[in-house]
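Spelled out from the first residue to the last, the chains are:
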Amino acid sequence: MANQAVEMITKVLEQTVKVAEEQVDAQLSRLNEIDEDELERLKERRLEALKKAQKQKQEWLSKGHGEYREIPSEKDFFSEVKESKNVVCHFYRNSTFRTAKLTKKHHVETKFIKLNAEKAPFLSERLRIKVIPTLALLIDGKTKDYVVGFTDLGNTDEFSTEMLEWRLGCTEVINYSGNLMEPPTATQKSGSKFTKVEKKTIRGRGYDSDSDSGDD
């Protein structure tokens, strides 16, 4: 009885190996059959994808992506947000201003702007901007999340660019290639505490670009 069981298992294993070998042989045969015309088509598709990516990059740059710009008023905020899918807006005050370590050059898919909160009382109230600095993270004209003060950046204003990228990546406002489950703690200073955030965390009131912009 035991011998019969062993024989059955052996036959099953042999059959499984045979099927796997046949699949590999079929794939190798397919690769060998690729002719010059098909290789040329593959090159054309690759070139088309590169052209499309370059066109998208130029479109982003034409809309002010790839730089860190000051906008003069809250009215400008609404127009800036409406024309770009991903926007990071840094709210600051002159008395507490520090240049944000925004990674605009590495993330042209996102628009980075700054606005003096004292010149935008209506918008600050609408978005419930209570702490300076605050980064408002917007996707498709809607506020998805906020980075308030430095709590999410290690409780220090000397946070690394990698830490800020990770935090923005948690809301998917930039294309982040690292591990979102853990912050980049390699540059963490002793005594700093990191506040882990869940992806797509939403705090405060969202701004909807289809609503009244307050231009009246």
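In this text the structure is predicted, and so the values were computed from the model without any measurement. (Residues numbered from 1 in each chain as written. Predicted model: local features only at pLDDT ≥ 70, side-chain atom pairs only at ≥ 80, totals over all residues. Heavy atoms only, no water.)

Chemist: Explain the overall build of the chain here, please?
Modeler: When its secondary structure is counted, the chain shows 5 helices and 5 strands. Shown N-terminal to C-terminal, the secondary structure of the chain runs as helices and strands in the order α-α-β-α-β-β-α-β-β-α. Each of the 216 residues in the chain was classed as buried or not, and the buried ones make up 36%. Counting contacts in the chain only where the partners sit at least 6 residues apart, residues at least 24 apart contribute 67% of the total. When the accessible area of the chain is evaluated, it comes to approximately 13800 Å², of which 51% is carbon and sulfur surface. (Helix = DSSP H or I, 4+ residues; strand = E, 2+ residues; numbered from the N terminus. Buried < 20%, exposed > 50% of the residue type's maximum accessible area, 1.4 Å probe, protein only. Contact = heavy atoms within 4.5 Å. Areas by Shrake-Rupley, 256 points an atom, 1.4 Å probe, with all protein chains shown as cover.)

Chemist: Explain the pattern of salt bridges to me, please; I cannot follow it from the model alone.
Modeler: For side chains of opposite charge, pairing can occur when their charged atoms come near one another. According to the stated counting rule, one finds 7 salt bridges in the structure shown. Residues Glu59 and Lys63 are paired through a salt bridge, measuring 3.4 Å at the closest nitrogen-oxygen approach. By relative accessible area, Glu59 is classed as partly exposed at 37%. A salt bridge links Lys111 to Glu80; the nearest nitrogen and oxygen atoms lie 2.7 Å apart. Of this pair, Lys111 sits in strand β3 (residues 111-116) while Glu80 sits in helix α3 (residues 74-82); the two residues are 31 residues apart in sequence, bridging distant segments of the chain. (Salt bridge = Lys/Arg side-chain N within 4 Å of Asp/Glu carboxyl O.)

Chemist: Explain the sheet that holds strand β5 (residues 142-148) here, please?
Modeler: The strands that make up a sheet pair up through hydrogen bonds in the backbone, lying either parallel or antiparallel. Here we have 5 strands laid out as an open sheet, ordered β1-β3-β2-β4-β5, and mixed in their pairing. The open sheet terminates on both sides in strands that have one partner only, identified here as β1 (68-70) and β5. Each neighbouring strand pair of the sheet contributes to a mean axis angle of 25 degrees, computed without reference to strand direction. Pairing analysis gives 6 bridges linking strand β2 (residues 86-92) to β3, with the strands arranged parallel. By the bridge assignment for β3, Val88 is matched with Phe112. Against the sheet, helix α5 (residues 161-170) touches β2, β3, β4 (134-139) and β5, its axis set at about 45 degrees to β4. (Pairing = 2+ DSSP bridges. Axes fitted to C-alpha atoms, helices over the stretch in contact; angles between N-to-C directions.)

Chemist: Looking at this model, I keep getting lost on a negative patch on the surface. Mind explaining?
Modeler: A cluster of acidic side chains, namely Glu36, Asp37, Glu40 and Glu44, defines a negative patch on the protein surface. On the secondary structure map, Glu40 appears in helix α2 (residues 36-62). (Patch = residues over 30% accessible without salt bridge, like charges linked within 9 Å, V, L, I, M, F, W, Y side chains within 5 Å. Lys, Arg positive; Asp, Glu negative; His and termini not counted. Charge placed at Lys NZ, Arg CZ, Asp CG, Glu CD.)

Chemist: What should I look at first to understand the packing of aromatic side chains in this one?
Modeler: We describe a pair of aromatic rings using the distance from one ring centre to the other and the angle between the two ring planes. Under the definition given, this model contains 3 aromatic pairs. The cationic tip of Lys114 hangs over the ring face of Tyr68; the distance from NZ or CZ to the ring centre is 5.0 Å. (Phe/Tyr/Trp six-rings, centres within 6.5 Å; stacked < 30°, edge-to-face > 60°. Lys NZ or Arg CZ within 6 Å of the ring centre and 35° of its normal.)

Chemist: Quick question: what am I supposed to make of the side chain of Glu109 here?
Modeler: Within the secondary structure, Glu109 is located in the loop between β2 and β3. Comment: no salt bridge for buried Glu109; closest opposite-charge side chain is Lys57, at 9.7 Å. A polar contact is formed between the side chain of Glu109 and the side chain of His107, at a distance of 2.9 Å. Among the polar contacts made by the side chain of Glu109, one reaches the main-chain amide nitrogen of Asn175 at a distance of 2.8 Å. (Polar contact = N/O pair within 3.5 Å; in protein donor to acceptor, adjacent residues only side chain to side chain.)

Chemist: Would you mind showing me how to read the pairing of β3 here?
Modeler: Each regular strand carries side chains that alternate between the two faces of the sheet. In terms of burial, β3 is largely enclosed, as 6 of its 6 residues are buried. Covered by surrounding structure in β3 are Lys111, Ile113 and Leu115 together with Phe112, Lys114 and Asn116, the residues of both alternating faces. Here β1 pairs with β3 via 3 bridges, running parallel. If you follow Arg69 over to β3, its bridge partner there is Ile113.

Chemist: Mind showing me how you'd approach the nonpolar core here?
Modeler: Counting residues in hydrophobic clusters, the biggest one holds 18 residues, and the most contacted among them are Phe77, Cys89, Phe91, Leu115, Leu123 and Leu127. Broken down by secondary-structure element, the contributors of at least two residues to this core are α3, β2, β3 and β4. Aside from chain neighbours lying at most four places away, what touches Phe91 is Phe77, Leu115, Ala117, Leu123, Ser124, Leu127, Ile129, Ile132, Pro133, Thr134 and Ala136. (Core = buried A, V, L, I, M, F, W, Y, C linked by side-chain atoms within 4.5 Å.)

Chemist: Looking at this structure, I do not really get α2. What am I missing?
Modeler: Three- or four-residue spacings in an α-helix give side chains the same orientation, since the helix completes a turn every 3.6 residues. The terminal C-alpha atoms of α2, which comprises 27 residues, lie 39 Å apart, in line with the 39 Å expected from a rise of 1.5 Å per residue. Where α2 ends, the next residue or the one after it, Gly64, has phi of about 95 degrees, a positive value. (Expected span 1.5 Å × (residues − 1).)

Chemist: Could you clarify how one ought to interpret the confidence of the model for the chain in this entry?
Modeler: The predicted coordinates of low-pLDDT regions are not to be read in fine detail. In the predicted model, the chain carries a mean pLDDT of 77, and the fraction of residues at 70 or more is 71%. Note on residues 186-216: pLDDT is under 50 here. Beyond four places in sequence and across chains, it has 65 contacts. (pLDDT = per-residue confidence, 0-100.)

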